[in-house]
Every structure is written in C-alpha cells, then in structure tokens.
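Take a look at the letters that make up each chain.
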Amino acid sequence: QVQLVESGGGLVQPGESLRLSCVVSGSPFSINDMAWYRQAPGKQRELVAAISSGGGTNYVDSLKGRFTISRDNAKNTVYLRMNSLKPEDTAVYYCNADIKESYWAYALNYWGQGTQVTVSS
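Residues numbered from 1 in each chain as written. Predicted model: local features only at pLDDT ≥ 70, side-chain atom pairs only at ≥ 80, totals over all residues. Heavy atoms only, no water.

A.B. asks: I would appreciate a short explanation of the pairing of strand β1 (residues 3–7) in the present structure.
C.D. replies: On any regular strand, side chains alternate: one points to one face of the sheet, the next to the other face. Residue alternation in β1 divides its side chains into a buried set, Leu4 and Glu6, and an unburied set, Gln3, Val5 and Ser7. As paired elements, β1 and strand β3 (residues 18–25) share five bridges and run antiparallel to each other. Residue pairing for β3: serine 7 is matched across the bridge by serine 21. (Buried < 20%, exposed > 50% of the residue type's maximum accessible area, 1.4 Å probe, protein only. Helix = DSSP H or I, 4+ residues; strand = E, 2+ residues; numbered from the N terminus. Pairing = 2+ DSSP bridges.)

Below you can see the structure in the form of structure tokens.
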C-alpha cells in the first residue's frame, strides 16, 4: 500500500526557514511527477511547486526565489525548502505524487495527510 508521509512542519517566526519532507512508502514501482500544495484557512488548495522524475521544476510565480523543490529518487522523497517565511505562508502543506504501484498498473494520484506550517511572531 503506497502512502505519502510528510514531515517538517511547525511554528516559525517571520524570516525563518523550514524544510518539508515527503516520503513515499510501500515500495512503489515508479514515481512520476511530485508536487507540494498548500491550503490556508478559508482558502482553496493551491499548487506551490512541482518536480518531474527527471528533475524539471515548476513554481507558482509569487513563490519563486523563496521556495525550492527537490527530490531524491533513491529515497523516494521530495523536499520543499522554504526561506524568508511570511505570515501569509501559514497553511497546511500537502505532498502529491503520480505513482505506479507495479509495472502493470496505471499511474494513480496520491496525497499525503498534510503538515501544518505556521509563521507567526
């Protein structure tokens, strides 16, 4: 059973940094695109950044330069480095991935359970 497990969230002060991690457990056959989304209170879930299996990245324009997505394919892990955090970055951050559980299976889309990031002084 494939699962995505996020970690690294917490309470930080404005200007500080955090690194989120998301591990894909369950020995997937292959992991294609991976991404981070976030959902602030009262708002819709939005894409933060995405990364392909080959390492190509895509960011929402407003976060370029502060957030960096990366992945370690050997560890089935995707990371989100967040610098110069602002109160408006407060949200639940979700990991997302397209995963094939076996050679014969279609790729399915999976979500993690989310990790809370709170930026406050």
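Still to come is the rest of the account.
A.B. asks: Looking at this structure, how should I read the state of the cysteines?
C.D. replies: Enumeration according to the criterion identifies one disulfide in this entry. Here cysteine 22 pairs with cysteine 95 through a disulfide, and the sulfurs are 2.2 Å apart. The sign of the S-S torsion, about -85°, decides the handedness of the disulfide formed by cysteine 22 and cysteine 95: left-handed. Of this pair, cysteine 22 sits in strand β3 while cysteine 95 is found in strand β9 (residues 91–100), placing the two residues 73 residues apart along the sequence. On the accessibility criterion, cysteine 22 (0% relative accessible area) is buried. (Disulfide = S-S within 2.5 Å.)

A.B. asks: For this particular structure, what's the right way to read the packing of aromatic side chains?
C.D. replies: Describing an aromatic ring pair means giving the distance of the ring centres and the angle of the ring planes. All told, the structure shown has four aromatic pairs when counted by the stated rule. Here the aromatic rings of tyrosine 103 and tryptophan 104 are separated by 4.9 Å at their centres, their planes lie at 90°, and the arrangement is edge-to-face. Each member of the pair, tyrosine 103 as well as tryptophan 104, carries the same accessibility label: exposed. Lying over the aromatic face of tyrosine 94, arginine 45 brings its terminal NZ or CZ to 3.7 Å of the ring centre. In this arrangement the basic side chain of lysine 100 is found over the ring face of tyrosine 103, its NZ or CZ atom lying 5.7 Å from the centre. (Phe/Tyr/Trp six-rings, centres within 6.5 Å; stacked < 30°, edge-to-face > 60°. Lys NZ or Arg CZ within 6 Å of the ring centre and 35° of its normal.)

A.B. asks: What should I look at first to understand the sheet that holds β1 in this one?
C.D. replies: Strand pairing in a sheet relies on backbone hydrogen bonds, with the paired strands running either antiparallel or parallel. In spatial order, the strands read β1-β3-β8-β7; together these four strands make up an open sheet with antiparallel pairing. The open sheet has two free edges, formed respectively by β1 and β7 (67–72), since each of these has just one partner strand. Each strand of the sheet is rotated relative to its neighbour by a mean of 15°, with strand direction disregarded. (Axes fitted to C-alpha atoms, helices over the stretch in contact; angles between N-to-C directions.)

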